[in-house]
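Overview (structure and organization)
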2 protein chains.
Amino acid sequence: MSSESEQDDTRREIMGATYRALCKHGYANLTMQDIADEFDKSKSLLHYHYDTKDDLMLAFLDHVIGWIGDRLEESETEEPLDRLREYLDRFVIKPGEEEESFSLALLELRLQAVHHPGFREKLQAHYESNVETAARILDDGIEEEVFKPVDTHAVAEMLYTSMTGASAYQVTLGASQATTSMRDALLRFVVTDLLVEPADGRIETEVS
Amino acid sequence: MSSESEQDDTRREIMGATYRALCKHGYANLTMQDIADEFDKSKSLLHYHYDTKDDLMLAFLDHVIGWIGDRLEESETEEPLDRLREYLDRFVIKPGEEEESFSLALLELRLQAVHHPGFREKLQAHYESNVETAARILDDGIEEEVFKPVDTHAVAEMLYTSMTGASAYQVTLGASQATTSMRDALLRFVVTDLLVEPADGRIETEVS
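Let us look at the structure shown here. What you see is a predicted model, and the numbers here were worked out from it, not measured in a lab.

Let us now look at the overall build of chain A. Scanning chain A for helices and strands turns up 9 helices and 0 strands. Ordered by position in the sequence, the α and β elements of chain A form the string α-α-α-α-α-α-α-α-α. Relative to its full complement of 208 residues, chain A shows a buried share of 50%. Partitioning the contacts of chain A with sequence separation of at least 6, the portion at a separation of at least 24 is 64%. Accessible surface for chain A amounts to roughly 10000 Å². Of this, 47% is attributable to carbon and sulfur atoms. Here chain A holds 20 positive side-chain charges and 43 negative ones, and the gap between their average locations is 4 Å.

Here's what the structure looks like:
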């Protein structure tokens, strides 16, 4: 019997293998063998931890949702405008990178969610939690009188949903600048409107 | 041999059957038999017109892209602000309707486009053409001095992409108000900023 921490390590390695397999093969045709091929240890060890592709994908969703959620909350600054900018920047996908493959796999999983209550529940919670992260930045900005009072949940949902739309456009139809353009448009139109003091240049985007 | 106009009628009926079959079954598991089941005439007549599911789906994409494109351009008014509002309204999906099933099927087709050059080419042209429809409304508005001068293509892409993101959120994760909220947020933040004269109440949304 391996120790608990060894088992945790194994599970973490399996999550890494699943991530790599998803980037390579997408979700629709993914097999346990594809994941085993990315895993340094034995296929039987993979099956020892997860009986089916479904079990593994549910665990993977928990893992990746936690990881994305944490990443969205990370910031080295307390300044609400900078934090909001960082939040939007995190959805900008550089063309041709692994990130594009992974965004595509996540979109596939969202489509699966329509007929899969387990996926659906996790992805709904993930969506709502990412919206809430933006709403908290807006709330802090309103409290600090950087942003005007608005319905922070509604604005946060708009920001997040627009970035996911741009991401889907980029990864399905090859619009390589879609996420960059959307980030810039949101800064220009939405974030500028939120500011109590007129933009002082910090709001300018790289491409404007 | 049937006449050309009879053949046109048959093809139109096949497109209707394909639409109904897609709404019922989605794309992933759709079979020629599902489409034949929605078609009043014989299955052999279906196969006479389209050899494979792929041939039929390519013809269907042409048909539906033309139909959606025409619908987006339709307007009874010449007034740019009203036309822009109508444009955004057309993406608002009432919950639980056939429209939700169909939007979901279109999203599935977009995911197929990643690995299917034929689908990809048509869906890219469709995307660009829908963006151009909004850009033309903005161009007219600038010419008539209703809207401020902006990069109309960039703004149009933002409006369209945001609405498609909201549509994907609504149909995959059951966020029944997502398209309504996005329409309202775009009117409030983006369209308001475009106006030469401050909003006079016409910009108010149903839920604001």
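As a further point, take the packing of aromatic side chains. This structure, assessed with the given rule, holds 14 aromatic pairs over all chains. A ring pair is formed by Phe60 of chain A and Phe102 of chain A, whose centres lie 6.3 Å apart and whose planes are at 90°; its orientation type is edge-to-face. Pair noted here: Phe60 of chain A is in helix α4 (residues 53-73) and Phe102 of chain A is in helix α6 (residues 98-112), with a separation of 42 residues, a long-range link. For the pair shown, Phe60 of chain A and Phe102 of chain A are each scored as buried. Here Tyr127 of chain A and Tyr169 of chain B contribute two aromatic rings whose centre-to-centre distance is 3.5 Å and whose plane-to-plane angle is 5°, an arrangement assigned as stacked. Of the two residues, Tyr127 of chain A is situated in helix α7 (residues 117-143) and Tyr169 of chain B in helix α8 (residues 152-173); the pairing between them involves two chains. Judged by its relative accessible area of 2%, Tyr127 of chain A is buried.

A few words on the environment of Met15 of chain B. All names here are of chain B. Structurally, Met15 is set in helix α1 (residues 4-25). Residue Met15 is classed as buried on the basis of its relative accessible area, which comes to 5%. Each C-alpha atom, one on Met15 and one on Gly165, is 26 Å from the other, the two residues being 150 residues apart in sequence. With residues up to four places along the chain from it excluded, the contact list for Met15 reads Tyr50, Leu56, Ala59, Phe60 and His63.

Moving on to the pattern of salt bridges. Once the charged atoms of two side chains with opposite charge are near each other, the side chains can pair. Enumeration according to the criterion identifies 20 salt bridges over all chains in this entry. Put simply, Arg20, Lys24 and Glu38 of chain A are held in one network by salt bridges that share partners.

Think of it as a corkscrew move, a rotation about one axis and a shift along it, taking one chain copy to the other. With an RMSD of 0.0 Å, the operation that places chain B on chain A is a rotation of 180° combined with a shift of 0.0 Å along the axis. In short, the pair behaves as if placed about a two-fold rotation axis. Closest to the rotation axis within chain B is the C-alpha of Gly165 of chain B, separated from it by 1.7 Å. Residue by residue, 100% of the interface of chain B is reproduced at the interface of chain A, so both copies engage with the same surface.

A separate point is the nonpolar core. Within soluble globular proteins, side chains that are nonpolar generally end up buried alongside one another. The biggest cluster of nonpolar side chains holds 125 residues, and the ones touching the most others in it are Leu186 of chain A together with Leu186 of chain B. Not counting chain neighbours up to four residues away, the residues in contact with Leu186 of chain B comprise Met158 of chain A together with Leu88, Met158, Leu159, Ser162, Met163 and Val191 of chain B. Judged by nonpolar contacts, the second largest core, of 12 residues, contains Ile93 and Leu111 of chain A together with Ala168 and Val171 of chain B.

Taken together, the contacts link 36 residues of chain B with 36 residues of chain A. Taken together, both faces of the contact between chain B and chain A bury some 3000 Å²; the carbon and sulfur share is 70%. In this structure, the connection of chain B to chain A is made through 0 salt bridges. Between the two partners, chain B and chain A, sit 9 residue pairs in polar contact (both at pLDDT 80 or more). Elements supplying a minimum of two residues to the side of chain B that touches chain A: α6 (98-112), α7 (117-143), α8 and α9 (178-194) of chain B. Here the side of chain B that touches chain A gets 12 residues from one element, more than from any other, and that element is α8 of chain B. Classifying every residue of the side of chain B that touches chain A by side-chain character gives 22 nonpolar, 7 polar and 7 charged.

Conventions used here
- Residues numbered from 1 in each chain as written.
- Chains lettered and ligands numbered in written order.
- Predicted model: local features only at pLDDT ≥ 70, side-chain atom pairs only at ≥ 80, totals over all residues.
- Heavy atoms only, no water.
- Helix = DSSP H or I, 4+ residues; strand = E, 2+ residues; numbered from the N terminus.
- Buried < 20%, exposed > 50% of the residue type's maximum accessible area, 1.4 Å probe, protein only.
- Contact = heavy atoms within 4.5 Å.
- Areas by Shrake-Rupley, 256 points an atom, 1.4 Å probe, with all protein chains shown as cover.
- Lys, Arg positive; Asp, Glu negative; His and termini not counted.
- Charge placed at Lys NZ, Arg CZ, Asp CG, Glu CD.
- Phe/Tyr/Trp six-rings, centres within 6.5 Å; stacked < 30°, edge-to-face > 60°.
- Salt bridge = Lys/Arg side-chain N within 4 Å of Asp/Glu carboxyl O.
- Least-squares fit on C-alpha atoms with pLDDT ≥ 70 in both.
- Core = buried A, V, L, I, M, F, W, Y, C linked by side-chain atoms within 4.5 Å.
- Buried area = accessible area lost by both parts, 1.4 Å probe.
- Polar contact = N/O pair within 3.5 Å; in protein donor to acceptor, adjacent residues only side chain to side chain.
- Nonpolar A, V, L, I, M, F, W, Y, C, P; charged D, E, K, R; others polar.

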